[in-house]
Each structure stands twice: as C-alpha cells, then as structure tokens.
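Observations on chain architecture
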Amino acid sequence: MRILCTGDLHIGRRSSRLPASPDAGANSCAAAWRAIVETAIAQRVDLVAVSGDLVDQGNRYFEALAPLEQGLRRLADHDIPTVAVAGNHDHDVLPRLADDMNSSHFHLLGRGGIWERKTLELAAGLLHVDGWSFPSESVTRSPMLDLAPRPAGDGLPVLGLLHADLDQGASRYAPVTRTQLRDAGCTAWLLGHIHAPSWLEDGGTPVLYPGSPQPMDPGESGWHGAWLMHVAPGQRVRAERLPVATVRYDSVRISLDGVTDADEIEPRAYAALGDYLNELLASGEATRWMSCRVRLVGRCGLRAEALRRLEPLTNAAVLEREDSTLYVEHVRSDLRPALDLSDLSRGNDAPALLARLLLDLDANEQDPEHRQLLRELGSGVVEVHGLPAYLALRPLPDEERSTYVRDAARRQALSLLDSLLTTRAGT
C-alpha cells in the first residue's frame, strides 16, 4: 500500500525572510497542504498520514479550517482517507477542527494522550494505525510507556503514528527512544516534531520524520517536501521523497581565496551561485524560490571591499533560470586575512593573540587559555538560550553547541583582526 506521509504543516504560517512578492500566498503552509492533497491524488495513494502540528496554533483556527476542510473534501472525493495525531502546537485546536468538520474520511487518533488503534480498509488491503496525540502543550514522559502490549499479530502491517522527540531524554515534547519504538512491534513509524526530514533505517524498525513540507525560515535549510511510504506484508518498507515545497533555504559558500583584484569579486560570486542553482536544477531539487545565505570564505585581503561590492545582492533576485528564482538573504564574511597567520602569531600584540586563537580554532586543539575562553562563551550561549524568549526553541545538543561556539569565536576574531590590521595600515 502507498501512504503519503507528512507532518508539521503548521497551517497558518508561511515561509519567511523572502522579498515582497505579489503571489506570496504561494509560499504559505496552507498552499503546501493543497499541494500535498493534489500530489496524493496524482500518486493514487491509499492513505494520507499526518504526524501532528497540522495547525500552527489555536489562534489560527479560522485560517486552518477552510484549507483543511477543502483538502479533506478533495481527498474524500477520491476515496482517500486521512489519519492524523495532534502535536504540541495543535493539541487543543485539532480535536476541535476534527469535531467541527465531522468527516468520515478524517480520523484523529489518540485524543487526550490515550493510545488508539484504527484499522483501515484500504484499496490495497487492511492496515492498523496506532496513534497517540498530545493532551497538552508539554509532555515530559515517554508516551511509549503507556502503549499497552498488543495481542499476537494477525499478519497485518502496523503504522505507528506519533509526534515526539527521538532520543532526547530531557525533552518537553514526548521523548521516545529507538529501542522503545523497535520493541512496540510496529512495521514502521511516522513521527512529527522535528522539521528536518530524515529516514532512519539501521536494521531495526524504519522511522520516518517527514519534516516540514514547506520550510518556514532559513533555519529549515535543504530539501523539504512530502514522502511516499510503501508498506506491504512481508516486504521491506520503502520511502521516497515527493517535491512539494515552493521555497528552499540554503547556505552557499563562495571562495575568494587568493583574489587580489577587486574586479574579480562579482564574477566569482555569480559563478558560484550559478553552479549552485544549476546543480539543483540538474538533480530535480530546485524549487520556485531559492533563498541563500552567502558565506565568503578563503584568504583574501579585500574583506571590506568584498562586502561592499556584494551587499547589493541582499534581497535581490540574483538569478532566474527555468522556473526558479534565486535570492540572496544576506552576505556574511568569514574571509581570513591574506597575511600568514603563523608569521603574525609570533608577536605579542593584539593581532598576534588573535592569530594564535584562529590557528588553534582551525586545528581544534586549544591551549588552556583558549579552552577557558570557549567554555565561557559556551556558558553565555546556554544562558542566553535559557531566557524566556527562547524557551520554545529546541536546545542545542552539546556537540552542536560546541560547533556553534567555535564558529562564533572564529567570526568575531576575524572581524577584530581585520579591524586591527586596517587601523595599523592607516597609521
């Protein structure tokens, strides 16, 4: 059987950080839902499964009601049922929407945090779906602890449907483990909550995070869309990606290594952006709009000039090829001084201290003073991320925080070194 899998649609929101456009509604999550519905019909799927956060927030009730009803009606007209669970964002509004729509083709499972099994009679055969919905905005206990043992299998495939945080024990969003999912005896799991798509198959029970089908900000970079899961008794579960998103966010590195002539800067930038767009077009992963964060890298003594020349790219339609338009959201310089850092580090002045720090960061082997500096920076990051304004964000895991701190230290050190050397040259 063919199951179109999606989750984290957040109907009521739209892709952000894009230039003003007369057809901005095409980048909304409601438009992504409509695209998913049409894709399901075109693919002749047996079922649409949604792993939570179909709706963004309770105050988006009326924004979600019309597109949700229209989509479910379209699916019902083609005899395609939809099964869903509620996530932390729509734990209160999705049950209300389900009741108000009263559709025989829409099944919301696991209300109130109580596991529920729905056996669906699909064109391709019978399928069990075990689902659990968020009863409140925050759940710190694993819902898998409440999944009662099932009787001996009847040979039918079982899809587990859950909005949860995988292998994040301290999470406030239904933490579960791979072991718990494997031991539940499901044929495959469809999870929600994480907006980055992933297909996990390491010899155990397959786990699919479909991710957000329409990326909503530059933090949701790379490919986004829906998934088509193939499930059949006695056969390995497969999943393939389906294009849905109209926007793709990415970071593009542009090397200005060795550039000494300022007139080379723009051609290098346009060539790199053109290569990026051509690669996506060739792979079929290009979307209607691409929004790029440009990162300038390499050794170059024209840091200020490069930023001045490339600043006009910001919020501009830089390239248009076929049906795709590439925008640049912002330009960031991580250019390293053209000077030899090893030679510069031999002094005792401020540039020498910064040069030694940069060499240590590149080698990832810090001396005691630099290690202490990074520890203090890391503590500051934890403190800031713990402020009330950021509590809704997923905390950075230790390994990600370490990389974030090193990158931030490198950027600031380069910026300060550039200023010091510029001042020195002018005196």
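Before any of the text, the structure's been laid out above.
Source: prediction; values computed, not measured. (Residues numbered from 1 in each chain as written. Predicted model: local features only at pLDDT ≥ 70, side-chain atom pairs only at ≥ 80, totals over all residues. Heavy atoms only, no water.)

Here we take up the packing of helix α8 (residues 350-363) against helix α9 (residues 368-385). Direction vectors running N to C along α8 and α9 enclose 80°, while the axes themselves pass 11 Å from each other. One way to sum up the angle between α8 and α9 is to call them roughly perpendicular. Along the contact surface, α8 presents Arg356, Leu357, Asp360 and Leu361, while α9 presents His370, Leu373 and Leu374. (Axes fitted to C-alpha atoms, helices over the stretch in contact; angles between N-to-C directions. Helix = DSSP H or I, 4+ residues; strand = E, 2+ residues; numbered from the N terminus. Parallel < 35°, antiparallel > 145°, perpendicular 65-115°, else oblique. Contact = heavy atoms within 4.5 Å.)

To continue, consider the layout of surface pockets. In this model, the second largest pocket occupies a volume close to 230 Å³. What lines the second largest pocket is a set of 15 residues, among which Cys300, Gly301, Pro337, Asp418 and Leu421 lie closest to the centre. If you tally residues by element for the lining of the second largest pocket, the top one is helix α10 (residues 398-426), at four residues. Considering only residue class, the lining of the second largest pocket consists of nine nonpolar, two polar and four charged. (1 Å grid on protein atoms, 1.4 Å probe; cavity = no way out; pocket = protein on both sides within 12 Å on 5 of 7 lines; lining within 4 Å. Points joined across faces, edges and corners; volume = space filled by probe spheres on them. Nonpolar A, V, L, I, M, F, W, Y, C, P; charged D, E, K, R; others polar.)

Locating threonine 82 in the fold gives a position in strand β3 (residues 82-84). Looking at threonine 82, the relative accessible area reads 1%, which means it is buried. For threonine 82, the residues in contact, after removing those within four places along its chain, are Leu47, Val48, Val50, Leu72, Leu75, His105, Phe106 and His107. (Buried < 20%, exposed > 50% of the residue type's maximum accessible area, 1.4 Å probe, protein only.)

Our focus in this paragraph is the pairing of strand β17 (residues 317-321). Pairing of β17 with strand β18 (residues 324-333), which is carried by four bridges, proceeds in the antiparallel orientation. Bridge pairing in β18 places alanine 317 opposite tyrosine 327. Connecting the antiparallel pair β17 and β18 is a turn made up of two residues, with glutamate 322 showing a positive phi of about 55°. (Pairing = 2+ DSSP bridges.)

The terminal C-alpha atoms of α9 lie 26 Å apart, and with 18 residues this matches the ideal 26 Å at 1.5 Å per residue to within 8%. N-cap assignment for α9: the residue whose side-chain oxygen lies 3.1 Å from the backbone N of glutamate 369 is aspartate 367. (Expected span 1.5 Å × (residues − 1). Polar contact = N/O pair within 3.5 Å; in protein donor to acceptor, adjacent residues only side chain to side chain.)

Here we come to the side chain of glutamate 220. One can find glutamate 220 in the loop between β12 (207-209) and β13 (225-230). Of the buried charged residues, glutamate 220 lacks a salt bridge, with arginine 13 as the closest side chain of opposite charge at 5.6 Å. Here the side chain of glutamate 220 touches methionine 216 through a polar contact of 3.0 Å, landing on its backbone nitrogen. Not counting the four nearest positions on each side in its chain, glutamate 220 is found in contact with His195, Ser212, Gln214, Pro215 and Tyr249. (Lys, Arg positive; Asp, Glu negative; His and termini not counted. Salt bridge = Lys/Arg side-chain N within 4 Å of Asp/Glu carboxyl O.)

Ranked by internal contacts, the top residues of the largest apolar core, which has 35 residues, are Trp33, Leu75, Leu94 and Leu97. Contributions of two or more residues to this core are made by α1 (29-42), β2 (47-50), α2 (61-77), α3 (93-101), β4 (106-108) and β13. Sort the elements by how many residues they give to this core and α1 lands first, with seven residues. Once you skip the residues sitting within four places of it in the chain, tryptophan 33 turns out to touch Leu9, Ile11, Pro67, Leu68, Gly71, Leu72 and Leu75. If you look at the next biggest cluster of nonpolar residues, it comprises 26 residues, including Ile254, Ile265, Leu277 and Val294. (Core = buried A, V, L, I, M, F, W, Y, C linked by side-chain atoms within 4.5 Å.)

The subject of this paragraph is the environment of glutamate 137. Its location among the elements puts glutamate 137 in the loop between β6 (125-132) and β7 (158-163). Taking relative accessible area as the criterion, glutamate 137 reaches 55% and is therefore assigned exposed. With 46 residues separating them in the primary sequence, glutamate 137 and histidine 91 have C-alpha atoms 6.6 Å apart. Beyond its immediate sequence surroundings of up to four residues, glutamate 137 is in contact with Asn88, His91 and Tyr173.

Looking now at the packing of aromatic side chains. Under the defined criterion, the tally for this structure stands at three aromatic pairs. Taking the centre distance of 5.4 Å and the plane angle of 65° together, the rings of tryptophan 132 and phenylalanine 134 count as edge-to-face. For phenylalanine 134, a relative accessible area of 1% gives the class buried. Look at tryptophan 223 and tryptophan 227: their rings are 5.9 Å apart centre to centre, the planes differ by 85°, and that puts the pair in the edge-to-face class. No difference in accessibility class separates tryptophan 223 from tryptophan 227, as the two residues are buried. For the cation-ring pair, arginine 241 lies above tryptophan 223, with the distance from its terminal atom to the ring centre recorded as 4.4 Å. One residue, arginine 288, lies across the ring of tryptophan 289, its end atom 4.8 Å from the ring centre. (Phe/Tyr/Trp six-rings, centres within 6.5 Å; stacked < 30°, edge-to-face > 60°. Lys NZ or Arg CZ within 6 Å of the ring centre and 35° of its normal.)

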